[in-house]
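Here's the letter readout for the chains.
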Amino acid sequence: MDKVIQYYSHFDEWGRLDREPIEFLVNGHHIQSHLPNHGRVLDIGAGPGKYSIELARRGYQVSLADFTPRLVDIAKLKAEEAGVASRFDGFHVADARDLSLFSDGEFDASLMLGPLYHLQQAQDRSRAAKELYRVTKPGGVVFVAFMSRIRLFTTSVHYPEAWKPNDSAAGLTEFFQTGAFNHKDEGRFTGAYYYDIEGIKPFMESHGFECVKLIGSSSVAGGMSAEQWDYWRLRGEGEYCRVLQLLIEASESPYILGTSSHLLYIGRKG
């Protein structure tokens, strides 16, 4: 896990969500659509706080936590700049596998938009899911991010030199069998665990959650370039917004899940 801290101590995660706007837009739409009208929300693995700050703007009382101290500091600064720091109950450095600083059933809703794919060991993923269950109220809604194994396989086949050790048949075979990926090139994305899509719902159900829906966070636009986005922006605000709405609607199609790098599981604590 030291590599996770090292990576996110230098990577611009806030900027990534600006550069890839569809993920934040799609996730934000589905999160807002399923949250209660008010209440306390935990954002564990919150990164620099982009989702948390938007929830605070909408009147929720938010507790923010992340494993990387630098990201927690950035989140606090961003919340102060946005004028919503008073809506936060705290900015915590915490591990998703141990949320003992929070009480049982403390939150009306919980976000875990990263930890489960940064935990490569099955027992660690299980611990994080159990903690998510514990801190969420009965009937509370949860939003959990996963990364797709088939999507990284596709990307690796297309760009093998950029995704070593998936630049050989042996590397691809091992990845397909284990779901674990550790980049050979220094400074690239931290080691991660990529899920078989059909295993996500059973995994969450085994930890006490009932599935509401599973959506593709990138919709069908995850690989679009800046120039491709500019085409739609230059057609005018009205048409651009309509295209974005169509992308949101498309995100719910089960047929695009394998094309989306990030998936959003929406469930309830049973």
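Residues numbered from 1 in each chain as written. Predicted model: local features only at pLDDT ≥ 70, side-chain atom pairs only at ≥ 80, totals over all residues. Heavy atoms only, no water.

Trainee: Tell me about the pattern of salt bridges, and name the residues and values.
Mentor: One pass over the structure, following the stated rule, counts 16 salt bridges. For the salt bridge of D104 with R134, the shortest nitrogen-to-oxygen distance reads 2.7 Å. Note that D104 is positioned in the loop between strand 3 (88-93) and strand 4 (107-112) and R134 in helix 7 (residues 122-135), a separation of 30 residues in sequence. Judged by its relative accessible area of 59%, D104 is exposed. Among the ionic pairs, D230 bridges to R233, the shortest N-O distance being 3.4 Å. With D230 and R233 both in helix 11 (residues 226-233) and three residues apart, this pair spans about one turn of that helix. (Salt bridge = Lys/Arg side-chain N within 4 Å of Asp/Glu carboxyl O. Helix = DSSP H or I, 4+ residues; strand = E, 2+ residues; numbered from the N terminus. Buried < 20%, exposed > 50% of the residue type's maximum accessible area, 1.4 Å probe, protein only.)

Trainee: Any details on the environment of H29? Residues and values, ideally.
Mentor: Checked against the element boundaries, H29 lands in helix 3 (residues 21-34). Overall, the relative accessible area of 31% leaves H29 in the partly exposed class. Between the C-alpha atoms of H29 and V62, which are 33 residues apart in sequence, the distance is 18 Å.

Trainee: Lay out the packing of helix 11 against helix 12 (residues 237-250) in plain terms, naming residues and giving numbers.
Mentor: For the pair helix 11 and helix 12, the least separation of the axes is 8 Å and the interaxial angle reads 120°. Taken together, the axis directions place helix 11 and helix 12 in an arrangement best described as oblique. Contact with helix 11, carried on its side by W229, W232 and R233, involves E239, Y240, V243, L244 and L247 of helix 12 and no other residues of that element. (Axes fitted to C-alpha atoms, helices over the stretch in contact; angles between N-to-C directions. Parallel < 35°, antiparallel > 145°, perpendicular 65-115°, else oblique. Contact = heavy atoms within 4.5 Å.)

Trainee: A description of the packing of aromatic side chains should follow, citing residues and the corresponding values.
Mentor: With the rule as written, the count across this model stands at twelve aromatic pairs. Pairing F146 with Y195 gives two aromatic rings, centres 4.6 Å apart and planes at 85°, and the pair type is edge-to-face. Placement of F146 in strand 5 (residues 136-147) and of Y195 in the loop between strand 7 (192-193) and helix 10 (200-205) is noted, with a sequence separation of 49 residues between them. Pair check on accessibility: F146 and Y195 agree, each one buried. The ring centre of F24 lies 5.2 Å from the NZ or CZ of K50, which sits over that ring. (Phe/Tyr/Trp six-rings, centres within 6.5 Å; stacked < 30°, edge-to-face > 60°. Lys NZ or Arg CZ within 6 Å of the ring centre and 35° of its normal.)

Trainee: Please provide a residue-by-residue account of the pairing of strand 2 (residues 61-66), values included.
Mentor: Across the six residues that make up strand 2, a large majority, six, are buried. The alternating pattern of strand 2 places Q61, S63 and A65 on one face and V62, L64 and D66 on the opposite face, and all of these are buried. With helix 4 (residues 50-57) bridging strand 1 (residues 40-44) and the parallel strand 2, this β-α-β connection has right-handed handedness. Alignment of strand 2 against strand 3, held across five bridges, turns out to be parallel. The partner of S63 across the bridge, within strand 3, is G90. In the classification by handedness, the crossover that spans strand 2, the intervening helix 5 (residues 69-82) and the parallel strand 3 is right-handed. (Right-handed = clockwise from strand over helix to strand, strands pointing away. Pairing = 2+ DSSP bridges.)

Trainee: I'd like a rundown of the sheet that holds strand 8 (residues 209-216), residues and numbers included.
Mentor: Pairing is mixed in the open sheet, where seven strands are placed in the order 3-2-1-4-5-9-8. Sheet topology places strand 3 and strand 8 at the edges, where each strand pairs with a single neighbour. Here the strands of the sheet are splayed against their neighbours by 15° on average, with no regard to which way each runs. Looking at chain direction, strand 8 and strand 9 (residues 262-269) are connected through seven bridges and run antiparallel.

Trainee: Just give me the short version of the side chain of D124, but keep the residues and values in it.
Mentor: Its place among the elements puts D124 in helix 7. Using a relative accessible area of 13% as the deciding quantity, one classes D124 as buried.

Trainee: Which residues make up unusual backbone geometry, and what values go with them?
Mentor: The omega torsion of the bond from K164 to P165 falls at 15°, within 30 degrees of zero and hence cis. Residue position: P165 is located in the loop between helix 8 (149-158) and helix 9 (169-178). Positive phi is not limited to glycine here, since S219 has a value of about 50°. Looking at the element boundaries, S219 is found in the loop between strand 8 and helix 11.

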